[in-house]
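# Architecture and fold: a report
For reference, the chains in residue letters:
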Amino acid sequence: MNIEKLHKLFLKHPSVSTDTRKISKNNLYFALKGDNFNGNRFAKLAIENGASYCIIDEEEFALNKQCIVVENVLETLQELARYHRRHLSLPIIALTGSNGKTTTKELIHAVLSKKFETVATFGNLNNHIGVPLTLLKMNHNTEMGIVEMGANHKSEIAFLCNIAFPDYGLITNFGKAHLEGFGSIEGVIEAKSELYKHLINHNKTMFVNSSDSIQLEKSQEATTVSFGQNKTDNYIIHFVSAQPNVTVRFNNIEINSQLIGDYNFNNIAVAIAIGAYFKVDEKLIKEAIENYTPKNNRSQIVKKGNTEIILDAYNANPSSMTVALQNFGKLETTNKVAILGDMFELGTDAKKEHLTIATLANSLPISKIIFIGENFHNALPIGHETFKTFNDFKEQFNLKSLEDATLLIKGSRGMALERILDLF
């Protein structure tokens, strides 16, 4: 079946699933494969659960005419999304960056949804599977699309752009993330800038943070919309405070967010700028941002008895760890305790980067610092309070010492430091 015919079938059954546990009636089931699973084996179950058709690439699992055999299911899913994108007549905003992508995407979604029927990437499904699935959720009723793009190797952003064909784009920042795949911070910049290159080559528009010199340099040949605190910016947004929640001012309107940390200022600012650019009423922009509540262990504030916890345990890299610690150090409170978990995917730089973060943490006005994970344990000299594993911390650390403290918890996703909350 060619892609045009498959697209016509999709329009009749406009709901795609790659998981038989989430099949609903009238679904198209795409039998993806991975290192430890083979979706082809579940074609029969998908049909039993209500799927109208199964897209498979192993003919032995073709039960009947409801099973459509293709050469490669993943490539077919991506090609269908690419074809569907061309079928859609709506603007799509793409965003990438080292830190803050998902929070920024959620803020933009909240703002634009005040005026438009908007579809955005669900959660952080921002890869070569998630981007096609996001596009296939858009239909003739969708007025705006927001596509988050993640990558840990070069050429991945370019590949995703050639599926989504964005009309607008933004990069949250360039930081030390996925160094194992990118090789260096220069590799990160080159890879993330693939979004800029795509927009420039297709005469599209990018939103640029005027305080980011790298963004300014990489966007010189582009059509840009600038935002920030400079008088020359298209949209001027002022930082007011972050004690701990971020407050900003736009056109004399004060916006009090539920996001903590001055590092979230730029994420809020671009959402305001995009809302203003698309003529969302200022009062609605304020309402959208003030009502947005962080979740999924991203900069959440949690109370456990007399302990106030800043839970930022969704992920970590040297850049996000640095700004989180710097912000924590600025908080006007006493008895501040930081529990820091390992940062992953740093390759040969792991020891150096963990030592750098520990040195920074010790230089800040933080009462106590605890390190969890093999990387910190191996990198730090005697004298630091380290625990090689989470279980070591669980068994040996006295949580009563955290009473009446303000606590920062931050580490990579694999550390799952949100488990600390269960220990109180």
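Residues numbered from 1 in each chain as written. Predicted model: local features only at pLDDT ≥ 70, side-chain atom pairs only at ≥ 80, totals over all residues. Heavy atoms only, no water.

## Re the nonpolar core
General note: in soluble globular proteins, nonpolar side chains tend to be found buried as a group. Grouped together as the largest cluster of nonpolar side chains are 68 residues, with contacts concentrated most on V16, F30, L135, M138, M149, L325 and L340. Discounting residues that sit within four places of it in the chain, V16 has contacts with F10, N27, L28, F30, L77, L133 and L136. Judged by nonpolar contacts, the second largest core, of 39 residues, contains I108, M144, A276 and A288. (Core = buried A, V, L, I, M, F, W, Y, C linked by side-chain atoms within 4.5 Å. Buried < 20%, exposed > 50% of the residue type's maximum accessible area, 1.4 Å probe, protein only. Contact = heavy atoms within 4.5 Å.)

## Description of the UniProt feature "domain: Mur ligase C-terminal" (unreviewed entry) in the protein
Taken from the UniProt record, the annotation "domain: Mur ligase C-terminal" (unreviewed entry) applies to residues 298-412. Taken end to end, residues 298-412 has its terminal C-alpha atoms 12 Å apart, with 35% of it in helix and 26% in strand. (UniProt positions renumbered as here; feature names shortened; annotations may be inferred. Helix = DSSP H or I, 4+ residues; strand = E, 2+ residues; numbered from the N terminus.)

## What to know about the pairing of strand β14 (residues 300-304)
Sheet faces and side chains relate simply in a regular strand, where the side chains alternate between the two faces. In terms of strand pairing, β14 meets strand β15 (residues 307-312) through 5 bridges, oriented antiparallel. Bridging across to β15, K303 finds its partner in E308. Hairpin connection between β14 and β15: a loop of 2 residues separates the two successive antiparallel strands, and G305 in this loop has a positive phi of roughly 65°. (Pairing = 2+ DSSP bridges.)

## A look at the pattern of salt bridges
Under the counting rule described, the total for this entry stands at 17 salt bridges. Note that K154 and E190 form a salt bridge whose closest N and O atoms lie 3.5 Å from each other. Of the two residues, K154 sits in the loop between β7 (144-148) and α6 (156-164) while E190 sits in helix α8 (residues 185-192), which places them 36 residues apart along the sequence. Among the salt bridges present, the one from K410 reaches D312, with a minimum N-O distance of 3.2 Å. Highlighted residues: K410 in strand β19 (residues 406-410) and D312 in strand β15, separated in sequence by 98 residues. (Salt bridge = Lys/Arg side-chain N within 4 Å of Asp/Glu carboxyl O.)

## Observations concerning the packing of aromatic side chains
Aromatic rings considered in pairs are described by the distance between their centres and by the relative angle of their planes. Throughout the structure, instances matching the rule amount to 12 aromatic pairs. Ring centres of F207 and Y277 lie 5.3 Å apart, and the angle between their planes is 90°; on these two criteria the pair is classed as edge-to-face. Taken as a pair, F207 in strand β9 (residues 205-209) and Y277 in helix α11 (residues 265-277) lie far apart in primary sequence, 70 residues in all. Of the residues examined, F207 reaches a relative accessible area of 1% and is grouped as buried. The exposure class assigned to Y277 is partly exposed, which follows from its relative accessible area of 26%. Aromatic side chains F371 and F376 sit 4.9 Å apart centroid to centroid with 45° between the ring planes, which places their arrangement in the tilted category. (Phe/Tyr/Trp six-rings, centres within 6.5 Å; stacked < 30°, edge-to-face > 60°.)

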